[in-house]
Each structure stands twice: as C-alpha cells, then as structure tokens.
Amino acid sequence: MLPVLAEANSLPQANIPDIQWLPLIPHIVMAGAAVVLLTIVSVAGRWLPGWFASAWTAAAGLAVLATAIPVWIRVDQEGESSTIAGSIGVDQFSVFVIVLLACSVVLTALVADGFLHRESLDGPAFYVLLMLSAAGGITMASANNLIVLFLGLEILSLAVYVLVAMHLRRAESQEAGIKYFVLGAFASAFLLYGIALVYGATGSLNLADIRLRQGGWFAYAGSESSSTDAGMQGVPEGVAMMAADNGLLLAGMAMLLVGFGFKVAAVPFHAWTPDVYQGAPSPVVSYMAAGVKAAGFAALLRVFFGGFLGVADDWQPVMFGLAIASLAVGSMLAIVQTDVKRILAYSSISHAGFILVGVQAATDDGVASVLFYLAAYAAMAIGSFAVITVVSGPGDEGTGLDSLRGLAARRPLLAAAFTVLLLSQAGIPFTVGFWAKFEVITAAVDARSFWLAVIAMLAAVVAAFLYLRIVVAMFLEAPESDAPRLRIPRGPAVAVAIVVLFTLAFGIYPEPLLNLADDALLSLHLHAH
Amino acid sequence: MGGSTVLPVIIFLPLVGAAAIALIAPSRATVLKPVAVATSAATGALTLWLMGAFDKNDGDFQFIQLTEWIGSAGISWHVGVDGISLFLVVLTGLLFPIAIVACDPPHDAKAYYIWMLVLETGCLGVFLALDLVLFFLFFEVVLIPMYFLIGKWGHENRKYAATKFFLFTMLGSALMLVGMLTLALLTARETGGAVTFNLIELANSAGELPTITARWIFLSFVLAFAVKVPLFPVHTWLPDAHTEAPTAGSVILAGVLLKLGTYGLVRFGLYLFPEASQYFAPLLFTLGVIGILYGAVVATMQRDLKRLVAYSSVAHLGFIVLGIFSINTEGIEGGLLQMVNHGLSTGALFLLVGFIYERRHTRQISEMIGLQKAAPVLAAVFTVVMLSSVGLPGLNGFVGEFLILTGAFVAHRWWAVVAAAGVILAALYLLWAYQRVFHGTPDDANRSMPDLNWQEKLVMVPLVGLIVFLGVYPKPVIERMEPAVNALIEHMEEVEGIESPTVGDRPEGSFEELRKLKADYGDEGEGH
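Here the structure is a predicted model, which means the values were calculated and not measured.

Enquirer: Explain the overall build of chain B to me, and be specific about the residues and the numbers.
Expert: The helix and strand tally for chain B stands at 22 helices and two strands. Against the compact-globule benchmark of 24 Å for 528 residues, chain B has a radius of gyration of 22 Å, which places it among compact chains. Here the C-alpha coordinates of chain B stretch approximately 75 × 55 × 40 Å along the principal axes. By residue count, 64% of the 528 residues in chain B fall in the buried class. For chain B, restricting intrachain contacts to residue pairs at least 6 apart in sequence, the fraction spanning at least 24 positions comes to 80%. For chain B, the exposed surface amounts to about 17700 Å²; the carbon and sulfur share of it is 64%. Once the 30 positive and 42 negative side-chain charges of chain B are each reduced to a mean point, those two points are 13 Å apart.

See the structure below:
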C-alpha cells in the first residue's frame, strides 16, 4: 500500500452516522409535501382548481399514513431501534402518534375546505403551514434527543403561531396570534433552559443515555456496562433515590415540564388556551386540539416516561398536581362560559388533566391509555370544531352558545353528530370517549392512584354539565326565527361523518384500537456509541 | 358464542324497532305509533314467554349467553336471568307497551318513540347483564334517552329537571366505575388470575379482597345505586324529574328506572360484597327508614298531585331498601316483590295523574274537586291503585310490605316498628289526597271533565288486574324468586365463612342469629 494512502486512512474521518431511511420516510413526506405544494402553487397557481391544495394535503396525510405502516411492521418484527446516531427513535409509540398526526392533517384539510373560501382566505398558505407543523409534530413524537425534540417543537409551534393569526380581517385572530406567540416563545425558552440543565446534570442530550445517567448513576455504579438494557431492571436499588439530591436535574425537569405543560394546555400553563381557541380560525383550533396536543403529550411522554423513568418518584407528584389542577380548572371554568369555542377550550384543558392522570401512572398501561385517549380526543375535537366551523358562519363570528340554539330543528343530522361527539367527550358508554376514560382510570387504579381516579371521574361529571349545556341549546331551545339557512360544505360534512363513525364504531368495539395502543410501547433504544 | 339466544333478542328487539322508526318517512307519521307499540308488545310477549320457560326450581342463572367481547380487558358479553331479575324484566316488558299506548307525544313523535325504545333496550340490558362493565354501559346509557324524554317532552321546568337528573345519576356512577375497576384489578391480583369483569367469577372470589378495601369499593357501588333508588339524602333529583317528565316518562322512571338502583343493590351489593353489605347494613336500612318517614311526611305536604306521587316513591323505595338490607329470605323477597308492586301501582298512579292533567291542565290539588262525579271510572281505578299503594290487604302492596316488615322485624326489630308507621302515613297522605281531589261537589271547571276513554281503560286493565292478582295469589312470583334468593343468602354465608347446617330451609336465617348461635357453641371460626 502506498504510504500516501496509508496516511490518508489514518486521518480523522468525518463521523457519518448510519441512517435507516424507512422510518424517516413519513418525516420526509410530510415536510416535502409542504414545500412541493408551495412550489407548485407559486409556479402554476393560476391553472389549479380551488380544491387542489386541500386535496393535496389530504393526499399527503394519507401518504404519511401509508408510509408509517411498514415502519410499524418492521418494529413489530425486529424490535425498536434508533437512527441518525440515536437521535430519532424507531418505535411503535412514535408510529402511533405519526398516524394520529397524519389523520389530524387529513381531517383538518377537509374541515378547512370551504372555510377558507367562505372567509376569502384562499391560497396554499394554510395547508403548507398545516403540513409543516405536522412535520414538526412527527419529529417531536419520534425524537430520542432533546435538541431534535426542541427543533420539532419549534417547527410545529412557529407554523401554528402563523396559523392562529391567519384570519387577516379579524382582530381577535391577530390578537390570539400575538398572545400565543409571546407566551409560546416564553415556554420554548423555559424548555430550552431545561434541556441545558438536564445536559448539565447528566452530560447527555440523548434520552436513552439520560435514562442511564440520571441520579448520579455513573458515580454510583462506576460503569455503564452493568446495565445493558434501556430499562431500569439493571439499575441497583437506591440509585433512583439519588436523583432527589440532584438539584440540577430536578430544575431541568421542572423547566421541561413548564414547556410541555404550555403545549398541552395544562393548568397553570393554560391561560392562553381560551383566548387563542376563541380567536383562532375554527379549523386551526381543531388541529390545535387534536394534533398539537397529541404531539405535546408524545414529547412529554418520551422525555418523562422515556428519559426520566428512573426518577418517576420525583415527577409523579407534580403530574398528580397538574392533573388535578387541570381537571378542576378546566371543568369548573367551562361552566361559566357562553362562547362555544371557549367552552371547548376549557374542556380541552380538562381533557389534558385526564390524560395527565394516565401519564402520572408511569406504567406501560398508562402510556397506552394516553395514546388511546389522544386518538379518541383527536376525533372528538376535530369533529366538534368542524361543526363550529360550519355553524359560526361568515366571519367566523357566530360561536356564541346562541348560534347553536335550535340547531336540531334547522339541521337535525349535524346536531345529532355534534351530540354524539359531545357525549363521547363526556364519556358516555358506546362512544370511544367512554373507553378512553375507562383505560385511563384502569391505568390509574392499577398504579394505585385511587384518589386521583376518583377526582378525575368527579371532574368528568362536572364537565358533562357543559356538554349538556350545548346539547340543551341545540335540542331543547327553539331556533331564532330569522336564523339564516345553514350551508354545510362537503369537506366538513365528510370529516364529521368520519369522526362520528370512528366514535361509534370504536365505542361499540374498541378492541382493535385498544390493542394498537397497547402495542405502541414506548421503549427507548439505547444507541451504541 | 354459546348458550341461549333469547335474551339478546329480548334486549335488542326494541332497538331494532327504534331503528325501523328512524327509517320511516316523515310523510307516514301515522305508522310511528303502531310500530312502537308492536315492537314493545312483542318484547313484552317474549318476556312473558321467558317467565313461562323459566325453571322455577333452579336458583342459578338461566338462559345464559357468554361470549368474549373485549378480550384484552377481560370484558365479555354475558347475559342471564335468575329469579331476582326475572320479574323486573317482565315488569319492564309490560310497562313499556302500556306507557307507549297510553300517552301520545304532543310533538316530534318520531324522536319520542325512538328514545322510548332505546330506553327499553337499556333497562333490559341492565337487568340481564352479568358482566360488570356491560352492566355499567347499560346503566349509564339509560341516562341519554331519559334525559331527552324529560328535556324535550316534559313540563315547564324540564330543562332544569333533565340536567339535574343526568348529573346526579352520573355522579353516582362515576365513582362506581372507579370501584368496579378497582374490584376487578385487585381481585385479579389477589387470585393471580387474569382480569375479569364476569360477575359470577368475581362473586366467587368475593372473600379474597382485604375487608377494608372491599368496604370502600362497596361504598362506591352503593353511592351509584343510592342516587338511582333514590335513598335519602341523595333523592332530591327525583321530585323534579318525576314532576317535569311527560307522563310516559314518569311511568318508566318510577316503574323501571328506580328499580335499577334497588336491583343493583341486590345483585352487585349483596352478591359481590357479603361482608361489606353486612357491615353497612345498619347505615343503609336506617337511611331506608328515614326515606320512608321523610317521603311520607313531605308527600303529605305537597300541593301538586304529581309531586305527591313522586315523594310517595321515596317512601316506597325506602321500604324496599329496608327489606334488602334485612339480609334474610323474607326481607329480600319482600323487597323484590315490592319492586314489582311499586312498578305497577306507582306506574298506574302516574298514568292516572297524567290522564287528569290532560283533561284539567293542572296538577294542583286545590284546583280539583269532586272529580268522582264527573269521572266515576277514573275514580274507581284510582281508588284501587291508591289502596294498593297504601298496602291494603288483598292488593299487591300488602304482600310486599308484609314480607319486608317480617324480614326487618327478625333482623332489626325497632326499625321495623318505625317503618310500620310509614304504612299509616301512606294511608294518610294518599287518602287525604283522594278525598280532596275526588270527593266534594265539583265546580264548573271540574264538572265537565270527561271520563276515561276506551284506550285509557284498556291500559289500566292489565295494571289493575295484576294489582289484584298479586294481592290474592302472589305464589307464582314468590316461588320463582325463592330459589335465587336462597342461593344468594347461601352464597353470602359461604363467603362470610359461616357454616350452618340449616341454610336454605331456614326461613328466618339472618347473620345476627347465626353469629349468636355460633357464639353459643363457642365456635371461633369466623374471625377476620
């Protein structure tokens, strides 16, 4: 061998990590579809029919769905893994959330169709931002690295800030955009600071590494080799306890929780929710309630259940407190609202509290129950806001409880569909919402959090009152005689039909969805260095 | 899938009828009622057939159908009937066609009949379910049709009453769900088996749970049922709901829905928690006795005839609870019989009050006088029904109350004495109301009131017939209940760990006595 070549071989090589492409396809499709749409419309916008952007988005969502399925199957056969130097996790948990986000995108695109035209907001911007934010959500749901997770969160958030302020001619929309942006930027700062502190405490940004290093695990056990699995099985007794002494880690966790709490609208980080839900265009709200919440909870679970499981004793009480606060504030304050969007905003806070009950369990069953709840809630929320999109009328103004008065007489099917969705949110049997609550309460009881389960159910009863108020307005009150005839565009009609079917079908036979959520285990793959 | 298919047919036939009604075109509104009547009558006929085919010597569940439903969660489709639920099923099958025939909705007939039939499916499902989750699903889903029936076709204050009814009942069952899950998960942990919500399996391992845990879970169940019964002090939804509901709604509410609570106390209280039932029995029968007296006193004060009947329900249901928590054969049998009796007599009373309301457009007692002159047949029927409600010997109410008081006297003498005063009070408020409404000289408004028409007479015939029949000859009912009640007592004694050589043929069997007996013999085997 020539000496020159030998010398070249000994030069330091750029460290290019192995990349599995299959699990990355959903990420690429979602982000790529957004960019391509923007390009197509700017080049050939004049010749495209009005429904093109909406159809493109729906197709992109379905494509993400289709490309996620092979990943699920591969993980099923080969077990979870990670890619790009351990920063993207390839597990069924992330696939479940990706599918959920893809479905949210498809349904939101359907809901937005017609709305944008009605409000003279035509153009691809809405759909591009929607897909970009979903791409960010996908990254959040599969990030095994705190920086990657932060990138995903920022992509998601920035797109949603703009979406919220989309309605150019509504001051409320602008106001909501500013409010959401300022508070959201603040929350992101908290999150970033938390990441820095966690890095300081554990010396790593990789969640699987953090899981091993937390609580002074290095100092205690001396080497990593005695624990080869990513779980806590190999960790000696007493190690987890030491985290309590690690102020840096605790502070970092607290900061992270602030950031996530903001995204999922948990009390006391919820203050933006009613204003933003009320001000933002209704289809955007349906995406925020379904997609953003799901992505937020997925990230929360990845970090806390994935990364910080060893110190679960430290964060469980905090989740307990957040859950109770969210349940109480969400259900109680919803009662005094008169605007349907505000009512549903507070109800979404209450739902976040319910989901936190599942998080608090810190068990695999708890994670499964959270996923099931997120899927159920996404369907109910998108459907509900789709109805509001239709009912609110020109200018997106008619969101008061009055505008729903006598809907059953004007549009019986729409009122019936809305009722199904509301009863599902209340957790009435034979709807998917019942099984969502059933699963969360099961997880809580199994983790011996009996009182939390009791409080959650009591809050659910209080929340039932607010759904009943809407039902009363629709069914038991007479319509205003001068109410204009309600036009229901095809897109929202299809979306509502799909989610109502989903709600009832899985309400009667939830087993397939239960099994999927049970299979979607969150187990971080430890990347070999 | 295994076993008999008759019970699913009974449960879902009304639902099929509801679906059929939903498909009827608006232009053919005249066939709505015939379809509703036909479906509910066919269901009623099936329940009668079920009573005939029922093996009266078997105390176990019959016509069982068991198939896996949500296997991963241990939930199955499990239905069956025994002597405890049989007559409630028949009562449901009977009262629904009567209520549907008797009252026509003033508007939105289609939705009205759909909700009535959905309600029937829900009620039948509750009585026949032998899986805890299945039971809970039906128990909870009953709220929706009742909510709409009250809220949409009720009287002036209907929205308030409907919402109150919904939230009260949901509050109770919310905690029951937690209790139910705790029971299933902890039992699975104790026995090392898979999680199951199968009622029979859970009952068989009822002794496995720690005593204190079982007591807490029992309380969560009892709260749900107490709201439904309703027991004092969670009864406040009842007068509102009953008064504001349309006539058919009141009939079903009083006749069937209240029984969901008392039935639940027997099936899921006594059966699943023998020790806890025994422990909390003093609390519950005390509440029952309070209900008897309170209901009677408040009923006496009412100026609204419908509200008076509603409060009389509180008193009657107090009797039933007293009987159940005497925990002996007489008491429980009396309670079960009284559930049927109350369904018949109070259902009939609400119908009659509804008939009067349709004619006079008022429920105020002070505005009615001397109706006897104007409507002699109505007055005669009212007399029979009212006397049945008072508990006059020879009519059905007497048999039930007598059995309950016998059972209660054996178990807790003084409470039985106090409760007996409730019988006198019942005579007071009902007779006084009768006197004010039917006696006297009618004024102009009351003189011209028409009597019952043939349709109304028709629906009263089976009710009055059964009131008399069960008063004279209750044996066909009691002999079918007895094996199941004895089996229940036997089961409770087994789980309690008491061995008694005379179980089953000892009619006065009560745990108190058994404890005394055992103490006398110096047997220390029962300690926990």
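Enquirer: Outline a negative patch on the surface, listing residues and values.
Expert: Residue and element names in this part refer to chain A. A surface patch of negative charge is lined by Asp76, Asp364, Asp365, Asp518 and Asp519. Of all the secondary-structure elements, those providing two or more residues to the negative patch are α15 (364-392) and α21 (511-519). Tracing the chain through its elements places Asp519 in helix α21.

Enquirer: Describe the side chain of B:Gln62, naming the residues involved and giving the relevant values.
Expert: All names here are of chain B. Mapping Gln62 onto the fold places it in strand β1 (residues 62-70). Gln62 sits in the buried class, given a relative accessible area of 8%. Within polar-contact distance, the side chain of Gln62 engages the backbone oxygen of Asp58 at 3.5 Å. Beyond its immediate stretch of four places on either side in the chain, Gln62 contacts Leu7, Phe54, Asp55, Gly80 and Val81.

Enquirer: Now, about the interface of chain A and chain B: what can you tell me, with residues and values included?
Expert: Listed per partner, the contact involves 36 residues of chain A and 34 residues of chain B. Around 3300 Å² of area is buried between chain A and chain B when both sides are counted, 82% of it from carbon and sulfur atoms. On the surface where chain A and chain B come into contact, there are two salt bridges. Between A:Glu477 and B:Lys159 there is a salt bridge whose closest N-O contact spans 3.6 Å. Taken together, the links from chain A to chain B amount to four residue pairs in polar contact (both at pLDDT 80 or more). At the level of elements, α17 (412-426), α18 (432-446), α19 (450-476) and α21 of chain A are the ones that each hand at least two residues to the side of chain A that touches chain B. Broken down by element, the residue count for the side of chain A that touches chain B peaks at 15 residues, all from α19(A). Classifying every residue of the side of chain A that touches chain B by side-chain character gives 29 nonpolar, three polar and four charged.

Enquirer: Requested: an account of the environment of A:Trp56, with residues and values cited.
Expert: Residues and elements named next belong to chain A. Looking at where Trp56 falls in the secondary structure, it is placed in helix α3 (residues 52-78). Separated by 125 residues in the primary sequence, Trp56 and Phe181 place their C-alpha atoms 28 Å from one another. Reaching out from Trp56, the side chain makes a polar contact with the backbone oxygen of Ala33 at a distance of 3.0 Å.

Enquirer: Which residues make up a nonpolar patch on the surface, and what values do they have?
Expert: All names here are of chain A. A cluster of nonpolar side chains, namely Leu158, Ile178, Phe181 and Val182, defines an oily patch on the protein surface of about 380 Å² accessible area. If one sorts the elements of the nonpolar patch by residue count, helix α7 (residues 171-202) sits on top with three residues. Turning to its location among the elements, Ile178 is positioned in helix α7. Residue Ile178 is classed as exposed on the basis of its relative accessible area of 55%.

Enquirer: So what about the confidence of the model for chain B? Which residues, and what values?
Expert: Residue and element names in this part refer to chain B. Of the residues in chain B, 93% reach a pLDDT of 70 or more, and the chain-wide mean stands at 85. Looking across chain B, the model is least confident in helix α22 (residues 511-521), with a mean pLDDT of 58, and most confident in helix α5 (residues 132-141), with 92. Contacts of residues 498-509 to residues separated by more than four positions or lying in other chains number 18 contacts, the stretch itself having pLDDT below 50. Here residues 522-528 scores under 50 on pLDDT; set against residues more than four positions off or in separate chains, the count is seven contacts.

Enquirer: Lay out the pattern of salt bridges in plain terms, naming residues and giving numbers.
Expert: Where charged atoms of side chains with opposite charge meet at close range, the side chains can pair. Residue and element names in this part refer to chain B. Per the stated rule, a full pass over the model turns up 21 salt bridges over all chains. For the salt bridge of Asp104 with Lys33, the shortest nitrogen-to-oxygen distance reads 2.5 Å. With Asp104 in the loop between α3 (83-102) and α4 (109-128) and Lys33 in helix α2 (residues 32-53), this residue pair connects regions lying 71 residues apart in the sequence. Taking the shortest distance from any N to any O, the salt bridge between Lys164 and Asp240 comes out at 2.9 Å. Taken together, the positions of Lys164 in helix α7 (residues 158-191) and Asp240 in helix α10 (residues 237-244) put the pair 76 residues apart, joining distant regions of the chain.

Enquirer: Lay out unusual backbone geometry in plain terms, naming residues and giving numbers.
Expert: What you tend to see is this: most non-glycine residues have negative phi, and most peptide bonds are trans. The peptide bond linking A:Val267 to A:Pro268 adopts the cis configuration, its omega dihedral lying at 10°. Topologically, A:Pro268 is positioned in the loop between α10 (247-264) and α11 (272-279). In the segment running from B:Phe232 into B:Pro233, the intervening peptide bond is cis, with an omega of 5°. Relative to the helices and strands, B:Pro233 is located in the loop between α9 (211-228) and α10. Although it is not a glycine, A:Ser120 sits at a positive phi angle of roughly 55°. Inspection of the secondary structure puts A:Ser120 in the loop between α4 (92-118) and α5 (125-142). Among the residues examined, A:Ser120 registers a relative accessible area of 51% and is labelled exposed.

Enquirer: So what's going on with the pairing of β1(B)? Which residues, and what values?
Expert: Residue and element names in this part refer to chain B. Here β1 runs beside strand β2 (residues 75-81); their pairing, made up of six bridges, is antiparallel. Bridge assignment links Ile70 to a residue of β2, and that residue is Ile75. The turn linking β1 back onto β2 is made up of four residues, and Gly74 within it adopts a positive phi angle of 75°.

Enquirer: I'd like to hear about the packing of α3(A) against α5(A), residue by residue, with values.
Expert: All names here are of chain A. Two numbers describe how α3 lies on α5: the axes approach to 10 Å, and their chain directions differ by 15°. Judged on the interaxial angle alone, α5 and α3 are roughly parallel. With respect to the hand of their crossing, α3 and α5 are arranged in right-handed fashion. Across from Ala53, Ser54, Trp56, Thr57, Ala60 and Val64 in α3, the residues of α5 making contact are Tyr127, Leu130, Met131 and Ile138. Looking at side-chain class alone, the contact of α3 with α5 contains eight nonpolar, two polar and no charged residues.

Definitions and cut-offs
- Residues numbered from 1 in each chain as written.
- Chains lettered and ligands numbered in written order.
- Predicted model: local features only at pLDDT ≥ 70, side-chain atom pairs only at ≥ 80, totals over all residues.
- Heavy atoms only, no water.
- Helix = DSSP H or I, 4+ residues; strand = E, 2+ residues; numbered from the N terminus.
- Rg over C-alpha atoms; globule rule 2.2 N^0.38 Å.
- Buried < 20%, exposed > 50% of the residue type's maximum accessible area, 1.4 Å probe, protein only.
- Contact = heavy atoms within 4.5 Å.
- Areas by Shrake-Rupley, 256 points an atom, 1.4 Å probe, with all protein chains shown as cover.
- Lys, Arg positive; Asp, Glu negative; His and termini not counted.
- Charge placed at Lys NZ, Arg CZ, Asp CG, Glu CD.
- Patch = residues over 30% accessible without salt bridge, like charges linked within 9 Å, V, L, I, M, F, W, Y side chains within 5 Å.
- Salt bridge = Lys/Arg side-chain N within 4 Å of Asp/Glu carboxyl O.
- Polar contact = N/O pair within 3.5 Å; in protein donor to acceptor, adjacent residues only side chain to side chain.
- Buried area = accessible area lost by both parts, 1.4 Å probe.
- Nonpolar A, V, L, I, M, F, W, Y, C, P; charged D, E, K, R; others polar.
- pLDDT = per-residue confidence, 0-100.
- Pairing = 2+ DSSP bridges.
- Axes fitted to C-alpha atoms, helices over the stretch in contact; angles between N-to-C directions.
- Parallel < 35°, antiparallel > 145°, perpendicular 65-115°, else oblique.
- Left-handed = near helix turned anticlockwise from the far one by under 90°.

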